[in-house]
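Residue-level structural notes
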Amino acid sequence: YMQKRENMNLKKIALGVVALTSIVTLAACGSSSSKDSLAKIKDKGTLTVALSPDYAPFEFQMLKDGKNEIVGSDVDLAKEIGKALGVKVNIQAMDFNNVLASVTSGKADIAISGISSDPDRAKAYDFSYSYYTANNVIVVKKEHQDKFATIADFKGKKVAAQKGSVQEKVATEQVKDASLVSLIKTGQAINELKNGTVEGVVLEEPIGKSYIAANSDLALSDVKLDSSDTDSYCVAMPKKSDKLKKEIDAVIKKLKAKDAINKSVEKNFELAQAAK
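Note that residues are indexed from 1 along each chain, following the sequence as it is written. Since the coordinates come from a predicted model, pLDDT governs what is reported: local features require at least 70, and pairs of side-chain atoms require 80 or more to be given and counted, while whole-chain, interface and lining totals use all residues. Hydrogens are left out, water is left out, and the side-chain values use all remaining heavy atoms of the structure.

Here we take up the overall build of the protein chain. Under the scheme used here, helices are H or I runs from DSSP no shorter than 4 residues and strands are E runs no shorter than 2 residues, and both carry numbers assigned from the N terminus. From N to C terminus, the protein chain includes 10 helices and 15 strands. Each residue gets one of three labels from its accessible area relative to the maximum for its type: buried under 20%, exposed over 50%, partly exposed in between, using a 1.4 Å probe on protein chains only. Across the 276 residues in the protein chain, those meeting the buried criterion constitute 42%. Any two residues having at least one pair of non-hydrogen atoms within 4.5 Å are treated as being in contact. In the protein chain, the share of contacts with a sequence separation of at least 24, taken over all contacts with a separation of at least 6, comes to 73%. A total of about 14,600 Å² of accessible surface is found on the protein chain, and carbon and sulfur atoms cover 53% of it. Methods summary: accessible areas were calculated by the Shrake-Rupley approach with a probe of 1.4 Å, and residue burial reflects only the protein chains presented.

We now examine empty space enclosed by the protein. Cavity means a closed set of points on a 1 Å grid over the protein atoms alone, one where a 1.4 Å probe fits but cannot get out, pocket means an open set with protein on both sides within 12 Å along at least 5 of 7 lines, and lining means a residue has an atom within 4 Å of a point. Grid points are joined across faces, edges and corners, and a volume is the space filled by probe spheres set on the points. What the rule picks out here adds up to 1 cavity of 30 Å³ or more. Of the volumes computed, that of the largest cavity is approximately 50 Å³. Tyr-55, Phe-96, Gly-114, Ile-115, Ser-116, Arg-121, Gln-162, Ser-165, Val-166, Gln-167 and Glu-204 are the residues that line the largest cavity.

What follows concerns the sheet that holds strand β2 (residues 54-55). Reading across from one edge, β2-β3-β4 is the order of the 3 strands in this open sheet, with antiparallel pairing throughout. Only two strands of the sheet have a single partner each, and these edge strands are β2 and β4 (67-71). Any two strands with at least two DSSP-identified bridges between them are counted as paired. Here strand β3 (residues 59-64) pairs with β4 via 5 bridges, running antiparallel. Bridged to Lys-64 within β4 is Lys-67.

Once that is clear, we can look at the layout of surface pockets. Estimated volume of the second largest pocket: approximately 180 Å³. In terms of lining, the second largest pocket is formed by Ser-73, Asp-74, Asp-76, Leu-77, Lys-79, Glu-80, Tyr-131, Leu-255, Lys-258, Ala-260, Ile-261 and Ser-264. Of all the elements in the fold, those that place two or more residues in the lining of the second largest pocket are α3 (73-85) and α10 (260-275). Element by element, the count of residues in the lining of the second largest pocket is highest for α3, at 6 residues. Think of it as three bins: nonpolar holds Ala, Val, Leu, Ile, Met, Phe, Trp, Tyr, Cys and Pro, charged holds Asp, Glu, Lys and Arg, and polar takes everything else, Gly as well. A per-class count over the lining of the second largest pocket returns 5 nonpolar, 2 polar and 5 charged.

We now examine the pattern of salt bridges. Here a salt bridge means any side-chain nitrogen of Lys or Arg lying within 4 Å of a carboxyl oxygen belonging to Asp or Glu. Within the structure shown, the criterion is met by 11 salt bridges. Put simply, Asp-109 and Lys-44 hold a salt bridge, and the shortest N to O gap is 2.8 Å. A residue pair is termed long-range when its members are at least 10 positions apart, and Asp-109 in the loop between α4 (96-105) and β6 (110-111) and Lys-44 in helix α2 (residues 37-44) qualify at 65 residues. The salt bridge involving Lys-64 is made with Glu-69; its shortest N-O contact spans 3.9 Å. Residue Lys-64 is classed as partly exposed on the basis of its relative accessible area, which comes to 41%.

On to the packing of helix α8 (residues 205-214) against α10. Two elements in contact, α8 and α10, have axes whose closest approach is 10 Å; the angle formed by their N-to-C orientations is 30 degrees. With respect to each other, α8 and α10 are oriented roughly parallel. The chirality of how α8 crosses α10 is right-handed. From α8, Pro-206, Lys-209, Ser-210, Ala-213 and Ala-214 reach across to α10, where they touch Phe-269, Ala-272 and Gln-273. Fitting a line to C-alpha atoms yields each axis, with helices limited to the stretch in contact; the angle taken between N-to-C directions then spans 0 to 180 degrees. Between 65 and 115 degrees an angle is taken as roughly perpendicular, under 35 as roughly parallel, over 145 as roughly antiparallel, and anywhere else as oblique. Put simply, a crossing is left-handed when the front helix is turned counterclockwise from the back one by less than a right angle, and right-handed when it is turned clockwise.

Attention now moves to the sheet that holds strand β13 (residues 218-220). Overall, mixed pairing links the 5 strands, which are arranged β11-β10-β12-β9-β13 in an open sheet. The strands lining the two open edges of the sheet, one partner per strand, are β11 (179-183) and β13. Going from strand to strand, the sheet's axes swing by 35 degrees on average, the running direction of each strand aside. Taken together, the 5 bridges between strand β10 (residues 158-162) and β11 define a ladder with parallel strand orientation. When the sheet's bridge partners are listed, Lys-158 is paired in β11 with Ser-179. Contacts between α8 and the sheet are confined to β9 (136-141), β12 (200-204) and β13, with β12 contributing the most and set at about 125 degrees to the helix.

Let us look at the packing of α3 against helix α9 (residues 242-257). The relative placement of two packed helices comes down to the angle between their axes together with the axis-to-axis distance. Axis separation between α3 and α9 bottoms out at 10 Å; the angle between their running directions is 120 degrees. It follows from the interaxial angle that α3 and α9 lie oblique. Read as a crossing pair, α3 and α9 show a hand that is right-handed. Residues Leu-77, Glu-80, Ile-81, Ala-84 and Leu-85 of α3 pack against Leu-244, Glu-247, Ile-248, Val-251, Ile-252 and Leu-255 of α9. In terms of residue class, the contact of α3 with α9 is built from 9 nonpolar, no polar and 2 charged.

Rendered as structure tokens:
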């Protein structure tokens, strides 16, 4: 009986050690997964930024010293944030409708890609202080500029917008009697306009003007679309990124105070035209 009891006690001690080890292991896992976004970025020494490089002057591709490089005012902002955090910046290019998803999956730390914070997005992500506000416009063929001067002129016509963008919502809610055509890349939408498949493309003004500067057959429609605060560009990051948001907001406010972001947009607008 005594022998059995000793064996049972030894088993209990052994099980206790296993249980304790499991608790310690779980606690260690928990502490690493609950580490805030800022600490994770500083630990690895790299800030991975998701963007869609088809949105000049904010993000676009150009040849530099024989190599394809992603540039733009959003890239300039990413570099300023990296500098403030004391880390390297790693730009990850992808289609726009995958940009926010990459933040959710952890493939990217933040997303800077002309992203507007709307109520639905705000449920899933933290957003920085707004760094740029753009008006929404409709780009049309120059020869049809007079034909499409009001929203009513688009009744029964096809209007394109980039898939996953706020402009999809703007087109649906404000150009109600037109048929929406959602396309993955802005360049596709412009091509569809040029070949007559759609009659207009809803874009933010800087992007619209950039395409018009490169395509003499395009123009801005006189249609006035509502451009509320939801069309302000913000940096997207995972939920509960309080410390990271504080750092990014400080960078944005500092840059806006000296008008550096507007200057960056103008500089990159000229760069995009020279590259075409």
